[in-house]
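# Residue-level structural notes
The chain contents come next:
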Amino acid sequence: MDWTSTTALITGASSGIGAATARYLAQRGMRVILIARREELLIAVQQEIESAGGTAIVLPADLSSESDRIRVYREVITSYGVPDILINNAGFGWYGYFLDMPFEIARNLIEVDVMATVHLTHLFLPLMLQKPEARIINIGSIAGGLPEQGVAMYASAKAFLNSFSTSLFRELRGTSTSVSILRAGPVRTEFFDRARNQPNGHSVPAESMAVSADRIAAGIWRLIRRPRRVLYVPFYYLFSPLLETLFGWAIDLVGPLLLRKNIKKIPR
């Protein structure tokens, strides 16, 4: 399929992976619909895309809100039609002991990282199935297969997306719509700053290994052109699930040491 002149809806598009993906797809002729809370940042991304000759639409929304998700669906369908591509990218993280994590943050993480993906997919999928070809791409993480210390809620959310995306991929085989998950390693975005600045949050050690958001955007483009169930970016994280299988016992023993560099010793 020629994906130029098609429409991609991107959540979490105000910065990081979402903004990089919006720029990348707009450069290839797609109309992009930008969804996020921070309207001023969305407008900045829109202006950058339009100054380069692309087309971008700004639709501010708080995806932790069910009513906002329904509003997004209705406005997109009514004003812009059924998107050809849905990229569920919105999410945030928190690093620290689970017992120190404020419950409001835990609940909000589930709403944004999990429920927004499930709800938007449930809303748009029936209409996307009526198109000649369509793509749903969920942004996961290698943390979904490596439940490390300090990221209990984030890793659990990404593990859910792994199973959800795989099940949908298999359910939709033979239809016009494919579902994929991109499992990313650490990416240089404001994710790390946000994790650090959350109440009781701390710096994430993986920040030093992060790759650029543009590499993730290129991976998303590969999944659009040639869909598959899962894509790892960078590719060598393909072997990351083996770490838990083969060396989980060792991680059990030494894992907490990383967290204790940043946080007071957990009570016993």
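Before any of the text, the structure's been laid out above.
Note that the coordinates shown come from a computational prediction; the quantities given were computed from them, not determined experimentally.

### Focus: the sheet that holds strand β5 (residues 134–141)
Read across the sheet, seven strands follow the order β3-β2-β1-β4-β5-β6-β7 without closing on themselves; strand pairing throughout is parallel. Where the open sheet ends on each side, the last strands, each with one partner, are β3 (55–60) and β7 (230–233). In this sheet, neighbouring strand axes are inclined to one another by 20 degrees on average, regardless of whether the strands run parallel or antiparallel. Here strand β4 (residues 85–88) pairs with β5 via four bridges, running parallel. Within β5, the position partnered with Asn88 by the bridge is Asn138. Running over the sheet, helix α7 (residues 213–225) touches β4, β5, β6 (177–184) and β7 and is turned about 145 degrees from β5.

### Things to note about helix α5 (residues 152–171)
With 20 residues, α5 should reach 28 Å at 1.5 Å per residue; the first-to-last C-alpha distance of 29 Å fits that figure. Restricting attention to buried positions, one finds in α5 the residues Met153, Tyr154, Ala155, Ala157, Lys158, Leu161, Asn162, Phe164, Ser165, Thr166, Leu168 and Phe169.

### A word on unusual backbone geometry
Following Val233, the chain continues to Pro234 via a peptide bond in cis, the omega torsion being -10 degrees. Take Pro234: it is sitting in the loop between β7 and α8 (240–260). Despite not being glycine, Ser5 shows a phi value in the positive range, around 65 degrees. For Ser5, a relative accessible area of 69% corresponds to the exposed category.

### So, empty space enclosed by the protein
Tallying each qualifying case throughout the model produces one cavity of 30 Å³ or more. Within this model, the largest cavity holds a volume of roughly 30 Å³. Taken together, Thr11, Leu63, Asn88, Asn89, Ala90, Val112, Ala116, Thr117 and Leu120 make up the lining of the largest cavity. Per-element tally for the lining of the largest cavity: the top contributor is helix α4 (residues 103–128), with four residues. When grouped by side-chain class, the residues that make up the lining of the largest cavity number five nonpolar, four polar and no charged.

### Observations regarding the nonpolar core
Membership of the largest hydrophobic core comes to 37 residues, with the highest contact counts inside it found for Leu25, Val32, Leu34, Leu182, Ile220 and Ile224. In this view, Leu25 contacts Ala8, Ile10, Met30, Val32, Ile87, Trp221 and Ile224; residues no more than four positions away in its chain are not counted. Counting 34 residues, the second-largest nonpolar core is a separate cluster that includes Val72, Phe92, Met101 and Met128.

### Description of the packing of aromatic side chains
Per the stated rule, a full pass over the model turns up four aromatic pairs. With a centroid separation of 5.1 Å and 75 degrees between ring planes, the pair formed by Tyr73 and Phe124 is classed as edge-to-face. Of this pair, Tyr73 sits in helix α3 (residues 66–80) while Phe124 sits in helix α4, placing them 51 residues apart in sequence. Taken as a pair, Tyr73 and Phe124 share a single burial class, namely buried. Taking 5.0 Å as the distance between ring centres and 45 degrees as the angle between the ring planes, the aromatic pair formed by Tyr236 and Tyr237 counts as tilted.

### Some remarks on the pattern of salt bridges
Within the structure shown, the criterion is met by seven salt bridges. For Arg135, the salt bridge is made with Glu133, and the minimal N-O distance between the two is 2.8 Å. Under the relative-accessibility criterion, Arg135 is labelled buried at 4%. Shared partners join several salt bridges into a network, and the residues in it are Asp68, Arg71 and Glu75.

Conventions we followed
Residues numbered from 1 in each chain as written. Predicted model: local features only at pLDDT ≥ 70, side-chain atom pairs only at ≥ 80, totals over all residues. Heavy atoms only, no water. Pairing = 2+ DSSP bridges. Helix = DSSP H or I, 4+ residues; strand = E, 2+ residues; numbered from the N terminus. Axes fitted to C-alpha atoms, helices over the stretch in contact; angles between N-to-C directions. Contact = heavy atoms within 4.5 Å. Expected span 1.5 Å × (residues − 1). Buried < 20%, exposed > 50% of the residue type's maximum accessible area, 1.4 Å probe, protein only. 1 Å grid on protein atoms, 1.4 Å probe; cavity = no way out; pocket = protein on both sides within 12 Å on 5 of 7 lines; lining within 4 Å. Points joined across faces, edges and corners; volume = space filled by probe spheres on them. Nonpolar A, V, L, I, M, F, W, Y, C, P; charged D, E, K, R; others polar. Core = buried A, V, L, I, M, F, W, Y, C linked by side-chain atoms within 4.5 Å. Phe/Tyr/Trp six-rings, centres within 6.5 Å; stacked < 30°, edge-to-face > 60°. Salt bridge = Lys/Arg side-chain N within 4 Å of Asp/Glu carboxyl O.

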